Amino acid sequence: MAIREVREIGDEILTKHCKPVKKMTLRTKILIHDMLDTMYERMGVGLAAPQVGILKQIVVVDVGDGPYVLINPEIVETSGEQTGEEGCLSVPGKYGIVTRPNYVKVRALDEDLEEFEVEGEELLARAFCHEIDHLSGELYVNKTEDGIHDVPAGEDEA
Ligand code: ZN
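Residues numbered from 1 in each chain as written. Predicted model: local features only at pLDDT ≥ 70, side-chain atom pairs only at ≥ 80, totals over all residues. Heavy atoms only, no water.

**Description of the coordination of the zinc ion**
Then comes step 1: Of the protein atoms, only Cys88 (SG), His130 (NE2) and His134 (NE2) coordinate the zinc ion, at distances of 2.0 to 2.2 Å.
Then comes step 2: Each donor residue of the zinc ion belongs to the same chain, and together they define the spacing C-x41-H-x3-H. Linking cysteine 88 in the loop between strand E4 (82-86) and strand E5 (94-100) with histidine 134 in helix H2 (residues 122-134), this pair joins segments that are 46 residues apart in sequence. Exposure class is identical for cysteine 88 and histidine 134. Each is buried. (Donors = N, O, S within 2.8 Å, 3.2 Å for Na, K, Ca; no water. Helix = DSSP H or I, 4+ residues; strand = E, 2+ residues; numbered from the N terminus. Buried < 20%, exposed > 50% of the residue type's maximum accessible area, 1.4 Å probe, protein only.)

**Regarding the sheet that holds E5**
Then comes step 1: As summarised here, the arrangement of the three strands in space is E4-E5-E8, forming an open sheet in which the pairing is antiparallel. Whereas interior strands pair on both sides, the edge strands pair on one side only; in this sheet they are E4 and strand E8 (144-150). Going across the sheet, the axis of each strand differs from the next one's by a mean of 20 degrees, ignoring polarity.
Then comes step 2: Pairing between E5 and E8: four bridges, direction antiparallel. Of the residues in E8, the one forming a bridge with valine 98 is threonine 144. (Pairing = 2+ DSSP bridges. Axes fitted to C-alpha atoms, helices over the stretch in contact; angles between N-to-C directions.)

**Some words on the packing of aromatic side chains**
Then comes step 1: Counting across every chain of the model gives one aromatic pair.
Then comes step 2: Consider the rings of tyrosine 68 and phenylalanine 128, whose centres lie 5.6 Å apart with planes at 75 degrees: the pair is edge-to-face. Remark: phenylalanine 128 occurs in helix H2 and tyrosine 68 occurs in strand E3 (residues 68-79); sequence separation between them is 60 residues. (Phe/Tyr/Trp six-rings, centres within 6.5 Å; stacked < 30°, edge-to-face > 60°.)

**Digging into the sheet that holds strand E7 (residues 115-121)**
Strand pairing in a sheet is mediated by backbone hydrogen bonds. Such pairs are either parallel or antiparallel.
Then comes step 1: Taken together, the five strands give an open sheet; going across it, the order is E1-E2-E3-E6-E7, and neighbouring strands pair in antiparallel fashion. If you trace the sheet from one side to the other, it starts and ends with strand E1 (46-48) and E7, each paired once. Taken pair by pair, the neighbouring strands of this sheet meet at an average axis angle of 35 degrees, ignoring direction.
Then comes step 2: Lying on the sheet, helix H1 (residues 26-41) is in contact with E1, strand E2 (58-61) and E3; it crosses E2 at an angle near 35 degrees.
Then comes step 3: Where H2 meets the sheet, its contacts fall on E1, E2, E3, strand E6 (103-109) and E7, and the angle it forms with E7 comes to roughly 125 degrees. (Contact = heavy atoms within 4.5 Å.)

**Examining the side chain of glutamate 86**
Then comes step 1: Position of glutamate 86 among the secondary structure elements: in strand E4.
Then comes step 2: Side-chain polar atoms of glutamate 86 contact the side chain of arginine 100, separated by 2.6 Å.
Then comes step 3: Of note is the side chain of glutamate 86, whose polar atom sits 2.5 Å from the side chain of arginine 126.
Then comes step 4: Setting aside its immediate chain neighbours within four residues, glutamate 86 contacts Lys94, Tyr95, Gly96, Val98, Arg100, Arg126, His130 and Tyr140. (Polar contact = N/O pair within 3.5 Å; in protein donor to acceptor, adjacent residues only side chain to side chain.)

Here is the structure:
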């Protein structure tokens, strides 16, 4: 278990596509647990593997009812719309206004590489979309309505 360095915007690795996980190895298990530790330490609600420099399709999310570990995730259903503030541990001290689906269904593999589906609404749906975007090298900053803004001092980042 360890806290890993979080890569920040401008780092090329955040713009790259991630590879699917084909088999579970000890190394990948350690990565997943380090990602969870890093997300909690940095008080984020999600973290994707490229944010710690690993180009694998793995995300972790916890908006308060998790954690969810999603391997090779894909969004298979969406509905509705929500517009709200979004931040990213790779874009420290900033937020932007982004429109996302209000509901998503995600199909993914768990840590035993068994397929499962999970549904999320509101913040959980937003977190799934945001983190899954990271796996194709997309950052929320390119989806904002009017750019990115400084988080007022004393507020947590998402
Ligand atoms: Zn992010």
